[in-house]
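So the chains spell out like this:
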Amino acid sequence: MNNFNFKNPTKIIFGKDTYHKLATEIPENSRILMLYGGGSIKKNGIYENVKKNLSKFHLEEFGGIPPNPEYSVLMDALKVIKEKKIDFLLAVGGGSVIDGTKFLSSAALYDGADPWEILTSKRPTLNAMKFATVLTLPATGSEMNSGAVITRAEFKQKFPMGGAGLFPQFSILNPEVVYSIPERQLANGLADSFTHVLEQYMTYPIDANLQDRFAESIMQSILEVAPKLMKDQKNYKNAANFMWNCTMALNGLIQKGVPNDWAIHAMGHELTALYGIDHARTLAILTESHYRYNLKDKEEKLVQYAERVWGITNGNDEEKAEKAILKTTEFFHSIGIKTKLSEYTSEFKGTAEEIESRFESRGMKGIGERGTLTPQDAKKIVELAY
Ligand code: NZQ
Ligand code: ZN
């Protein structure tokens, strides 16, 4: 097992009837900016419920953060933070609203010339404005981690950022929010969380027994709840299990002391930046080709995954690995997610070369758990996903 530090300071408040905790968890006399997306919270009652519990604070609000949080919209929110002397941010939404809030929390205290540098410099944010979240869409784990991904449409770019200063102070996870989520977003949440575990697990063995068992149990739990959730999302048991799986899949716990891959995400972000494909779906497009292309490097873990998660016992190692890859694709199909790029855009030709040249122009040396996948490898993987 590798050396590691582990600190996750985010307090999780999980369950029904928890919004009243806002009034006591947010520091007294805070000047709050509540941030949200395109308006789903006004249809499902979350907006009123949250506001009711913030009546004792000075409250401003900013709506309209789009999926794949857009830099230019966030710059408008930054003006509100400065003009209204805001000192606490509250994200009410899914990964996009939470990530946008993380960017703002960093930008609000940034003393450089241009906040865009936060994304291009790759320097971690250690000091940021305090913020909390009310999660409305289980998927990304952003409610309990310190990462974010921000889009700038004018440049067709989507860049990650993060740092120890960007953990939420607390996050309210009320599974009842799941009742109003459209089927497409439920499937996205299942696929995104499942791939988060894979990115931290499907590497090479390093005798990290507990991390492996944690990862396998989260994947099994996602596979168990997926068909139930897609059939009956208004069942509290399904909603609660779905929600906690997603948070645990990317809150830092299973990635400590083990090699991490994240190549699927690196390539996936480019597909979102180029074609606007939902984040989770870009991962489903790339998973099969990434694992097939790297089958020899990942064979030991693929076999372990085949045996322990899918119960595959027949065949030699290569056959087991191949069967597990196909099972993963079948899982995506079972929740209604297509897994070929050509099923999302007719303009897929040239995508592989475009991603290769983007990675080259950023001076990317290598991705994947060994840092050995070059822009040329990425090109071949994307081509396999057409
Ligand atoms: O904008 P509104 O109207 O609220 O509608 C949203 C949005 O259209 C809707 N929605 C959310 N909660 C709802 C609801 N509709 C009905 N009922 C509810 N309770 O869902 C749509 C999608 O929301 P979004 O926040 O974009 O989805 P998600 O949570 O999947 O977030 C995706 C973003 O997170 C990033 C992705 O790259 C993408 O930009 N990620 C963030 C990560 C992190 N911070 O750790 C890790 C991930 O790998 C990912 O990269
Ligand atoms: Zn993801």
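### Observations regarding the pairing of strand S2 (residues 31–36)
Taken across its six residues, S2 has five buried, putting it largely inside the fold. Here S2 pairs with strand S3 (residues 58–62) via five bridges, running parallel. Pairing of Leu33 across the sheet is with Glu60, part of S3. Across five bridges, S2 lies against strand S4 (residues 88–93) in parallel orientation. Pairing of Leu35 across the sheet is with Ala91, part of S4.

### Brief notes about the domain arrangement of the chain
In terms of domain boundaries, the chain breaks down into domain 1 (11–177) and domain 2 (183–384). When each unit is reduced to the centre of its C-alpha atoms, the spacing between domain 1 and domain 2 is 26 Å. In this complex, domain 1 contributes 25 residues to the contact, which on the side of domain 2 involves 22 residues. With both chains or domains summed, domain 1 and domain 2 bury close to 2000 Å², and 66% of this area falls on carbon and sulfur atoms. On the domain 1 side of the interface with domain 2, the three residues burying the most area are Pro138, Lys156 and Lys158, jointly 27% of the side's total. Counting every contact that joins domain 1 to domain 2 gives zero salt bridges. The tally of links between domain 1 and domain 2 comes to four residue pairs in polar contact (both at pLDDT 80 or more). Elements represented by at least two residues in the side of domain 1 that touches domain 2 include exactly strand S1 (11–14) and strand S7 (157–162). Element by element, the count of residues in the side of domain 1 that touches domain 2 is highest for S7, at three residues. Here the residues of the side of domain 1 that touches domain 2 are counted per class, giving 13 nonpolar, seven polar and five charged.

### Some thoughts on the sheet that holds strand S5 (residues 131–135)
A sheet is described by the order of its strands in space; here six strands give the open sequence S1-S8-S5-S4-S2-S3, paired in parallel fashion. In this open sheet, the two strands that pair with only one neighbour each are S1 and S3. Across this sheet, the average inter-strand angle for adjacent strands is 20 degrees, counted without regard to direction. Pairing of S4 with S5, which is carried by five bridges, proceeds in the parallel orientation. Counted as the bridge partner of Leu89 is Phe131 from S5. Helix H5 (residues 95–108) contacts S2, S4 and S5 of the sheet and is inclined by roughly 165 degrees relative to S4. Across the sheet, helix H9 (residues 236–249) touches S1, S5 and strand S8 (170–173), and the angle it forms with S1 is around 170 degrees.

### Things to note about the side chain of Arg281
The topology assignment puts Arg281 in helix H11 (residues 279–293). Not counting the four nearest positions on each side in its chain, Arg281 is found in contact with Arg184, Ala187, Asn188, Gly336, Ile337 and Tyr344.

Conventions and cut-offs
Numbers given to residues run from 1 along each chain, matching the order in which its sequence is written. For naming, the first written chain is A and the first written ligand is 1, with later ones following in the order written. Thresholds applied to this predicted model are a pLDDT of at least 70 for local features of residues and 80 or more for the giving and counting of side-chain atom pairs; totals over whole chains, interfaces and linings are not thresholded and use all residues. Computation of side-chain values: all heavy atoms of the structure, hydrogens and water removed. The buried label goes to any residue with under 20% of its type's maximum accessible area, the exposed label to any with over 50%, and the partly exposed label to all in between, with areas taken from a 1.4 Å probe on protein chains only. Working definition: helices are DSSP H or I runs of at least four residues, strands are E runs of at least two. Numbering for both runs from the N terminus. Any two strands with at least two DSSP bridges between them are considered paired. Marked domain ranges trace back to an automatic or database domain assignment. Every residue pair with non-hydrogen atoms within 4.5 Å of one another is taken to be in contact. As a working definition, buried area equals the accessible area (1.4 Å probe) given up by two parts on being put together, with both sides summed. Salt bridges are counted wherever a side-chain nitrogen of Lys or Arg sits within 4 Å of a carboxyl oxygen of Asp or Glu. Whenever two N or O atoms come within 3.5 Å, that pair is a polar contact, provided that in protein one can donate a hydrogen and the other can accept it, and provided that, for residues adjacent in sequence, both atoms are side-chain atoms. Think of it as three bins: nonpolar holds Ala, Val, Leu, Ile, Met, Phe, Trp, Tyr, Cys and Pro, charged holds Asp, Glu, Lys and Arg, and polar takes everything else, Gly as well. Here an axis means a line fitted to C-alpha atoms, over the contact stretch when the element is a helix, while the angle between two N-to-C directions is reported on a 0 to 180 degree scale.

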